[in-house]
Amino acid sequence: MDKEALIIQASQKLSGRWTIPILLRLESNGGRFTPLQRQLDIAPARLSENLKQLVHLGIIQHLSPYERRHPLLPEYALTEEGKLWREMAKAIHIAESHIAHGSLSAKAWNIPVLLTLGFEHEHFQEIRRVLDQVTPRMLSMRLGELNTEGLIRKLVSELPRPSFLYQLSSHVRSPVHRLSVDLSSLV
C-alpha cells in the first residue's frame with residue numbers, strides 16, 4: 001500500500017467525535033475512566049463504547065486489576081502503536097486549529113476528503129476510488145458541506161465533457177499539506 005493510501009486510511013480511523021479527544025487526554029487523566037469522562041463531558045456509555053473500539057484496534061489497552069492503581073476502577077493505557085496514533089491525533093488537531101473551522105475530524109470522512117483533495121484528486125469518481133469505503137451519498141454530502149463552509153471550491157470543467165472539479169480553498173491548502181507531511185512521517 002502506498003504512503004498516500006496509508007495516510008488517508010489513518011485519518012479515517014481517527015475520524016469520529018471522540019477518538020481524537022480521547023487519545024489527546026487519556027494520559028493526562030492517568031488513563032482512568034471517570035476523570036476522562038468528566039473532562040470530556042461525555043456519557044459513560046458513549047465513552048465505554050469508544051474505548052472498546054480503541055482497544056479492538058490495538059491503540060489502547062484495558063489494564064487488568066493487577067496493573068491498575070485501584071483494582072476496582074477501570075484504567076486504560078496507550079499501547080506502543082497507540083502512542084504513534086496519539087501523535088497522528090496531535091497532527092490532525094494542529095491542522096484543525098490552523099484551518100480554524102472547529103473539529104473537522106468529528107465528522108467521518110471530512111479529514112480524508114481534505115487529504116484526498118490535497119493529493120490533487122479532483123473528480124468525484126477519482127475521490128471515491130481513493131476513499132475506497134465511502135458511499136457516493138456520503139461523499140456527496142461531505143463535499144457539499146465542505147463547499148458550503150468555504151473549505152473547498154466546486155468548479156465546473158467543460159472539457160472533455162462538463163463535470164465538477166473539487167479543490168481545496170487557498171487558506172486550507174497549507175494546513176492540509178502540512179498535515180499530509182506530518183502523517184507521512186508517522187505512518
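Overview of the structure. (Residues numbered from 1 in each chain as written. Predicted model: local features only at pLDDT ≥ 70, side-chain atom pairs only at ≥ 80, totals over all residues. Heavy atoms only, no water.)

1. Here's the deal with the overall build of the protein
The line we're drawing: Labels follow the DSSP assignment, with helices taken as runs of H or I lasting at least four residues and strands as runs of E lasting at least two, numbered in each case from the N terminus. The buried label goes to any residue with under 20% of its type's maximum accessible area, the exposed label to any with over 50%, and the partly exposed label to all in between, with areas taken from a 1.4 Å probe on protein chains only. The contact rule is simple, with two residues in contact once any of their heavy atoms fall within 4.5 Å. Per-residue and other accessible areas were derived by the Shrake-Rupley procedure at a 1.4 Å probe size, with only the shown protein chains allowed to occlude residues. For the purpose of counting charges, residues Lys and Arg are taken to be positive, whereas Asp and Glu are taken to be negative. His and the chain ends are not included. Here the site of a charge means atom NZ of a Lys, CZ of an Arg, CG of an Asp or CD of a Glu.
Broken down by element type, the protein carries nine helices and four strands. The linear arrangement of helices and strands in the protein, starting from the amino end, is α-α-α-α-β-β-α-α-α-α-β-β-α. When its C-alpha atoms are laid out on the principal axes, the protein stretches across 65 × 30 × 30 Å. Counting over 187 residues, the protein shows a buried share of 41%. Within the protein, contacts between residues at least 6 apart in sequence are counted, and of these 54% link residues at least 24 apart. Carbon and sulfur atoms provide 52% of the accessible area of the protein, an area that totals close to 10,300 Å². Put simply, the protein has 23 plus and 19 minus side-chain charges, and the middle of one group is 5 Å from the middle of the other.

2. What about the pairing of strand β4 (residues 163–168)?
Two faces belong to every sheet, and in a regular strand the side chains alternate between them. As a reminder of what qualifies: Criterion used throughout: strands pair if DSSP finds at least two bridges between them.
Pairing geometry for strand β3 (residues 152–157) and β4, over six bridges, is antiparallel. The residue of β4 that forms the bridge with serine 157 is serine 163.

3. Digging into the pattern of salt bridges
Formally: The working definition used for a salt bridge is a side-chain nitrogen of Lys or Arg within 4 Å of a carboxyl oxygen of Asp or Glu.
Evaluated as defined, the whole model comprises seven salt bridges. Across the salt bridge formed by glutamate 87 and arginine 86, the nearest N and O atoms sit 3.7 Å from each other. When the shortest N-O distance is used, the salt bridge between glutamate 145 and arginine 142 registers 2.9 Å. Here glutamate 145 pairs with arginine 142, and both are found in helix α8 (residues 136–148), just three residues apart, close to one helical turn. Judged by its relative accessible area of 23%, glutamate 145 falls in the partly exposed class. On the basis of relative accessible area, arginine 142 is assigned to the buried category, the value being 8%. In the salt-bridge network here, residues are joined through shared partners; they are Glu27, Arg86, Glu87 and Lys90.

4. Some points on the packing of helix α5 (residues 80–99) against helix α9 (residues 170–186)
Pairs of packed helices are described in terms of their axes, by the angle between the two and the distance that separates them. Formally: Lines are fitted to the C-alpha atoms to define the axes, a helix being fitted only along its stretch in contact, and any angle between axes, read from their N-to-C directions, falls within 0 to 180 degrees. An angle below 35 degrees is treated as roughly parallel, one above 145 as roughly antiparallel, one from 65 to 115 as roughly perpendicular, and anything else as oblique. Put simply, Ala, Val, Leu, Ile, Met, Phe, Trp, Tyr, Cys and Pro go in the nonpolar bin, Asp, Glu, Lys and Arg in the charged bin, and everything else, Gly too, in the polar bin.
Relative to each other, α5 and α9 sit at 170°, their axes nearing to 9 Å. Classified by the angle their axes make, α5 and α9 are roughly antiparallel. Contact residues: α5 offers Leu84, Glu87, Met88, Ala91, Ile92, Ala95, His98 and Ile99, while α9 offers His171, Val172, Pro175, Val176, Leu179, Asp182, Leu183 and Leu186. Residue classes in the contact of α5 with α9 are distributed as twelve nonpolar, two polar and two charged.

5. Focus: the environment of glutamate 122
Put simply, the rule reads: Any N or O atom pair separated by 3.5 Å or less is treated as a polar contact, with the protein-specific requirement of one donor-capable and one acceptor-capable atom, and with residues adjacent in sequence counted only for side-chain atom pairs.
Assignment of secondary structure puts glutamate 122 in the loop between α6 (110–118) and α7 (124–130). On the basis of relative accessibility, which here comes to 25%, the residue glutamate 122 falls in the partly exposed class. Through-space distance from the C-alpha of glutamate 122 to that of proline 175 is 18 Å; in sequence the pair is 53 residues apart. Contact partners of glutamate 122, with chain neighbours within four places excluded, come to Ile127, Phe164, Leu165, Tyr166 and Gln167. Among the polar contacts listed, one links the side chain of glutamate 122 to the side chain of glutamine 167, at a separation of 3.0 Å.

6. Some thoughts on the environment of alanine 45
In this structure, alanine 45 sits in helix α4 (residues 44–56). Residues alanine 45 and valine 176 lie 131 residues apart in sequence; the distance between their C-alpha atoms is 33 Å.

Any functional reading would require information beyond the geometric quantities listed.
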